[in-house]
Amino acid sequence: MKNTTLFFLLFFTIETSLTAQPPLSPEDIFNLEYTSDPQISPDGKTIVYTRQSMDIMKDRVLGGIWQISYDNTYHRPLTSATHPEGQARWSPSGNRILYTVRKDGASYLFVKWMDTGQEVPLSRLDRSPSNLSWSPDGNWIAYTAFVEKESSPYISMPAKPKGAEWAQPAKYIDAVRYRNDGGGYVKAGHRQIFLLSAEGGTPRQLTDSPYHHQGPLNWTKDGKSLVYSANPHDEGAYQPRNSEILSLNIASRESKQLTQRKGPDYLPRLSPDGKQIAYLGYEDRYQGYQLTYLHLMNADGTASKILTKDLDRSIENFQWAQDGSGIFIQYSDEGMGKIGFLTLQNGKMEPVADNVGGTSLGRPYSSGSFSVGANGAFAYTINSPRSPADVAVGKLGTKPITQLTHVNEDLLGFKSLGEVEEIWYESAFDQRKIQGWIVKPPQFDASKKYPLILEIHGGPFANYGYRFSAEMQLYAAAGYVVLYTNPRGSTSYGEAFGNLIHHNYPSEDYDDLMSGVDAVLEKGYVDENQLYVTGGSGGGVLSSWIIGKTDRFQAAVVAKPVINWYSWALTADGYTGYYQYWFPGKPWEHQDHYMKRSPISLIGNVTTPTMLLTGEVDYRTPISETEQYYQALKLQKVESAMVRIPEASHGIAARPSYLISKVLHVLKWFDEH
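A.B. asks: How would you summarise the packing of aromatic side chains if you had to cite specific residues and measurements?
C.D. replies: Taken as a whole and assessed by the stated rule, the structure comprises 30 aromatic pairs. With a centroid separation of 5.4 Å and an interplanar angle of 90 degrees, the aromatic rings of Tyr464 and Tyr484 are classed as edge-to-face. Residue Tyr464 is located in the loop between β33 (450-456) and α3 (470-477), and its partner Tyr484 is located in strand β34 (residues 481-486); the two are separated by 20 residues in the primary sequence. Here Tyr464 falls in the buried class, since its relative accessible area comes to 0%. Given the relative accessible area of 1%, Tyr484 is considered buried. Counting every residue linked through ring pairs, the aromatic cluster contains Tyr289, Phe461, Tyr505, Trp565, Tyr566, Trp568, Tyr578, Trp582, Phe583 and Tyr594. Its guanidinium or amino end placed over the ring of Phe318, Arg269 lies 5.4 Å from that ring's centre, counting from NZ or CZ. Sitting above the plane of the Tyr658 ring, Arg655 keeps its charged end 5.9 Å from the centroid.

Right, dumping it as structure tokens:
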């Protein structure tokens with residue numbers, strides 16, 4: 001029997017290797033999964049994480065809570081995952097987890113006992129809770145939630161006759177920040193801090209301040225206070241980055257401000273002994289890109305100092321080691337997510353883990369998270385160009401990293417994916433080194449000539465990297481070579497590189513991108529007469545800028561662009577900040593500067609067939625920008641089309657079908673040209 005089984009397995013392996021596996025297809029998007037928010041238990045022996053999957057019937061991303069042991073001896077679901085679930089957090093003793101469930105239009109807080117599997121809903125909430133935090137004794141739970149401010153109508157309409165059907169009432173708006181991308185028009189109110197017994201009951205609201213209270217919420221060792229971040233200033237709406245660290249006395253409900261400087265101070269985390277607070281921030285110099293440093297101060301706000309001044313990279317996240325000897329930090333370096341460990345005694349940092357990320361499914365942006373348990377054990381999201389995020393673990397002081405999950409092996413293990421190759425090249429503008437990646441079609445043959453898609457990231461202060469990307473793989477599966485790069489202005493290369501586009505965007509980043517195309521052409525397998533360009537958000541800015549500067553591309557798809565900086569600065573949701581950081585001042589004070597950097601200024605040069613693609617409720621790069629460019633192209637009699645994604649905000653790929661629709665529109669337009 002054993003010999004027969006061995007023969008079958010050997011035959012199956014040979015047969016599979018000789019059979020060409022199919023490439024990724026658009027319908028495969030609904031079969032992709034990824035892990036997120038891995039939380040290692042206090043003893044470092046178990047990890048709970050959220051397993052994200054696609055619901056093809058409801059066209060939504062669902063999350064279920066799973067559990068896996070550090071030594072990989074067991075792996076099992078903890079919840080049914082029939083509704084969106086997440087934010088799993090261990091109790092201090094590790095005997096329970098707290099998590100959220102969204103169903104029937106409400107949010108629920110659940111507690112599950114890990115020894116018996118019993119669970120109970122603690123509370124039903126009208127608003128989604130966040131920043132869940134257990135008290136040190138495990139008896140209380142703090143969280144933040146939005147509290148709507150009661151208001152009376154601005155006017156009183158006459159009474160309607162019985163049975164009359166009148167139009168919806170007018171919306172009266174007087175708030176500075178009145179709409180948010182992905183959230184729509186903002187209701188009056190703020191995120192406040194609440195307290196709930198770990199046995200359930202009625203939540204108690206601790207704050208009622210006229211500003212948002214942000215996490216993480218940190219309990220002091222005695223359980224009497226909570227440390228958090230907020231922007232408590234009177235001019236906070238006009239200075240959105242000027243946040244502070246505060247401490248809330250639970251008994252008196254009074255808050256004390258611990259930081260004072262101009263600039264963002266946020267993400268506070270108390271040391272294990274409760275004597276110090278680590279946090280992120282920087283002294284605001286009103287630059288487009290500034291490094292975010294890790295700071296350390298006493299618990300009373302005194303003696304603040306920067307811990308990462310010698311690291312020319314922004315800190316994205318951090319966690320204290322349980323013994324307080326140092327701090328684990330997450331950052332990006334040359335397009336790769338990394339974790340390092342900073343020893344407090346000598347200030348030295350050692351690398352701990354690479355390839356952090358994988359929770360950005362559509363395009364290869366930086367992402368991911370990690371957590372820390374006992375004895376230097378940690379868990380994080382690991383990814384590669386062949387798969388989105390999985391759970392991996394490691395331990396400080398030991399080299400091996402162990403990947404625990406392979407949630408896409410059942411799908412991607414039987415797909416022929418495009419090979420991703422790193423490339424470095426010199427910019428024609430100043431010979432500066434630029435990093436990029438080439439995605440080749442499955443079954444690539446270097447003796448053939450392929451069409452090329454230049455795909456440009458947004459931000460502009462963001463980075464692409466050696467990561468999985470459903471969109472890039474689908475383009476490659478359709479027979480295209482894909483080039484994506486990190487031109488000047490991209491993060492993960494230091495502050496100087498990021499600020500090469502300060503008050504200078506777009507500019508020489510155009511040269512960086514064209515030099516990348518030339519570098520791929522030199523390899524000999526791309527047809528120079530079949531070049532195409534696309535990109536979203538900041539990539540939409542640059543793709544529209546490119547076709548105003550050159551006609552070398554056969555077609556372009558300009559996704560969710562900014563076409564006119566003047567109009568965008570006065571219609572985007574973050575309008576109170578953009579003019580201060582990306583421009584020398586307000587639009588009417590610097591009209592020439594705004595127009596000089598606007599792609600609409602080059603419209604007279606455009607001959608490239610161009611498709612525009614934007615969500616209809618995008619408030620980050622409003623669809624009015626797309627409409628301006630579309631109408632200008634029509635007036636110029638340039639072949640053009642406009643694709644409007646109903647109900648989609650700036651994050652078009654938030655729904656699986658939208659991601660598929662975007663890719664198919666891009667491919668159809670390019671195939672026609």
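A.B. asks: Please set out helix α6 (residues 538-549) residue by residue, giving values where relevant.
C.D. replies: Taking 1.5 Å per residue, 12 residues should reach 16 Å; α6 reaches 17 Å between its end C-alpha atoms and fits that length. Counting buried positions over the 12 residues of α6 gives 11, a clear majority of the element. Residues of α6 that are buried include every one of Gly538, Gly539, Gly540, Val541, Leu542, Ser543, Ser544, Trp545, Ile546, Ile547 and Gly548, and no others.

A.B. asks: Would you mind going over the side chain of Asp509 in detail, with residue names and values included?
C.D. replies: Tracing the backbone through its elements, the reader meets Asp509 in helix α5 (residues 509-521). Nearest to the buried, unbridged Asp509 among oppositely charged side chains is Arg488, at 6.4 Å. There is a polar contact of 2.6 Å between the side chain of Asp509 and the backbone nitrogen of Ser507. Setting aside residues up to four positions removed in sequence, Asp509 forms contacts with Pro487, Arg488, Ile501 and Leu542.

A.B. asks: Lay out the pattern of salt bridges with the relevant residues and their values.
C.D. replies: In the structure shown here, the tally under the stated rule is 24 salt bridges. With its nearest N and O atoms 3.3 Å apart, the salt bridge here joins Arg124 to Asp126. Relative accessible area serves as the criterion here: at 48%, Arg124 is assigned to the partly exposed category. Through salt bridges with shared partners, one network takes in Asp430, Arg432, Arg488 and Asp512.

Reading guide: rules and limits
Residues numbered from 1 in each chain as written. Predicted model: local features only at pLDDT ≥ 70, side-chain atom pairs only at ≥ 80, totals over all residues. Heavy atoms only, no water. Phe/Tyr/Trp six-rings, centres within 6.5 Å; stacked < 30°, edge-to-face > 60°. Helix = DSSP H or I, 4+ residues; strand = E, 2+ residues; numbered from the N terminus. Buried < 20%, exposed > 50% of the residue type's maximum accessible area, 1.4 Å probe, protein only. Lys NZ or Arg CZ within 6 Å of the ring centre and 35° of its normal. Expected span 1.5 Å × (residues − 1). Lys, Arg positive; Asp, Glu negative; His and termini not counted. Salt bridge = Lys/Arg side-chain N within 4 Å of Asp/Glu carboxyl O. Polar contact = N/O pair within 3.5 Å; in protein donor to acceptor, adjacent residues only side chain to side chain. Contact = heavy atoms within 4.5 Å.

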